[in-house]
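Structural overview
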Amino acid sequence: MATLGERIKEFRKSKHLTQRDLGNKVHLSPQVISNYERGYSTPSADDMKNIASALEVSLSDLYAEKNSSLSSHKYYDLTEKDEHDIGVQVDRMLAGLSSDAETNYYGEPMSSEDKEKMRVAMVAALQAAQIEAKKKFTPKKYRKDKE
C-alpha cells in the first residue's frame, strides 16, 4: 500500500515535475514537498486541494491507497455522484451560516477568498471522510471483486 506521500510523488513524477516545480505551483518550498512525500509532515486540507489541482488529479486519487488514474478503480474511490453529493452538502452548510457566523475572529465579514478557503477545506474533509466510510462499511464480499 502506498502512503499519501508516495502517491503525491508518483503523480508528481508522472507529470515530469520536480519537487521545486510542484512547490512553485502550490506556493510551497521544495523542502515542504519533500517532507510530505517522505511522510515527515501531513499536508493541510488547503495544501491537498492545491497539490491535487497542480497535479491535475482529484483529491480522492491522492487519498486512495493506489493511484486510481494509474491503476484500476477501487471500491472506495469516490464516484461522480459522491463528488456531486459532497458539493451539494457543502453548499447547504455554507448557505446555512447566519450573518453572525460569517464573521471572522476580528469581527469583520468574511471575504469571498475566506469563504472559498472554507469551502475547499470542507470539501477535502468530506471527501476524506467519505473514502474512510467506504473502506469501513463496504461489505467484504464487495471488496474482493474490485481490489
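Calculation rules
- Residues numbered from 1 in each chain as written.
- Predicted model: local features only at pLDDT ≥ 70, side-chain atom pairs only at ≥ 80, totals over all residues.
- Heavy atoms only, no water.
- Helix = DSSP H or I, 4+ residues; strand = E, 2+ residues; numbered from the N terminus.
- Areas by Shrake-Rupley, 256 points an atom, 1.4 Å probe, with all protein chains shown as cover.
- pLDDT = per-residue confidence, 0-100.
- Contact = heavy atoms within 4.5 Å.
- Salt bridge = Lys/Arg side-chain N within 4 Å of Asp/Glu carboxyl O.
- Core = buried A, V, L, I, M, F, W, Y, C linked by side-chain atoms within 4.5 Å.
- Buried < 20%, exposed > 50% of the residue type's maximum accessible area, 1.4 Å probe, protein only.
- Axes fitted to C-alpha atoms, helices over the stretch in contact; angles between N-to-C directions.
- Parallel < 35°, antiparallel > 145°, perpendicular 65-115°, else oblique.
- Left-handed = near helix turned anticlockwise from the far one by under 90°.
- Nonpolar A, V, L, I, M, F, W, Y, C, P; charged D, E, K, R; others polar.

Comments concerning the overall build of the protein
Summing up its helical and strand segments, the protein has eight helices and zero strands in all. Tracing the protein from N to C terminus, the helices and strands come up as α-α-α-α-α-α-α-α. Put simply, the protein shows about 9,400 Å² of open surface, and 51% of that area lies on carbon and sulfur atoms.

A look at the confidence of the model for the protein
A residue-level look at the protein finds 84% of positions with pLDDT of 70 or above and a mean pLDDT of 81. Of all secondary-structure elements in the protein, the lowest mean pLDDT belongs to helix H8 (residues 140–146), at 67, while helix H2 (residues 19–26) reaches the highest, 95. Across residues 66–71, confidence stays below pLDDT 50; counting only partners more than four residues off in sequence or on other chains, it has 14 contacts.

Some remarks on the pattern of salt bridges
With the rule as written, the count across this model stands at six salt bridges. Here Arg12 and Glu37 are joined by a salt bridge, their closest N and O atoms 2.5 Å apart. Highlighted residues: Arg12 in helix H1 (residues 4–14) and Glu37 in helix H3 (residues 30–38), separated in sequence by 25 residues.

As for the nonpolar core
Grouped burial of nonpolar side chains is what soluble globular proteins tend to show. Residues Ile8, Leu22, Val26, Ile51, Leu55, Val57 and Leu62 are the most contacted members of the largest nonpolar core, which totals 18 residues. Elements with a minimum of two residues in this core: H1, H2, H3, helix H4 (45–55) and helix H5 (59–63). Per element, the largest residue contribution to this core is five residues, and it comes from H4. Those residues within four positions of Val26 in sequence are excluded, and the remaining contacts are Ile33, Asn50, Ile51 and Ala54. Counting nine residues, the second-largest nonpolar core is a separate cluster that includes Ala64, Tyr75, Leu78 and Val90.

A word on the packing of H2 against H3
For any two helices packed against each other, one specifies the inter-axial angle together with the distance between the axes. At a minimum axis separation of 8 Å, H2 and H3 run at an interaxial angle of 110°. Taken together, the axis directions place H2 and H3 in an arrangement best described as roughly perpendicular. Residues Gln19, Arg20, Leu22, Gly23 and Val26 of H2 form the contact with H3, whose own contacting residues are Pro30, Ile33, Ser34 and Glu37.

Comments concerning the packing of helix H6 (residues 80–95) against helix H7 (residues 112–137)
Packing of H6 against H7 brings their axes to within 10 Å, and their N-to-C directions diverge by 135°. Between H6 and H7, the crossing angle belongs to the class labelled oblique. For H6 against H7, the interelement crossing comes out right-handed. Residues Asp82, Glu83, Ile86, Gly87, Gln89, Val90, Asp91, Met93 and Leu94 of H6 touch H7, and the partners they reach there are Met118, Arg119, Met122, Val123, Leu126, Gln127, Gln130 and Lys134. When its residues are assigned to classes, the contact of H6 with H7 shows eight nonpolar, four polar and five charged.

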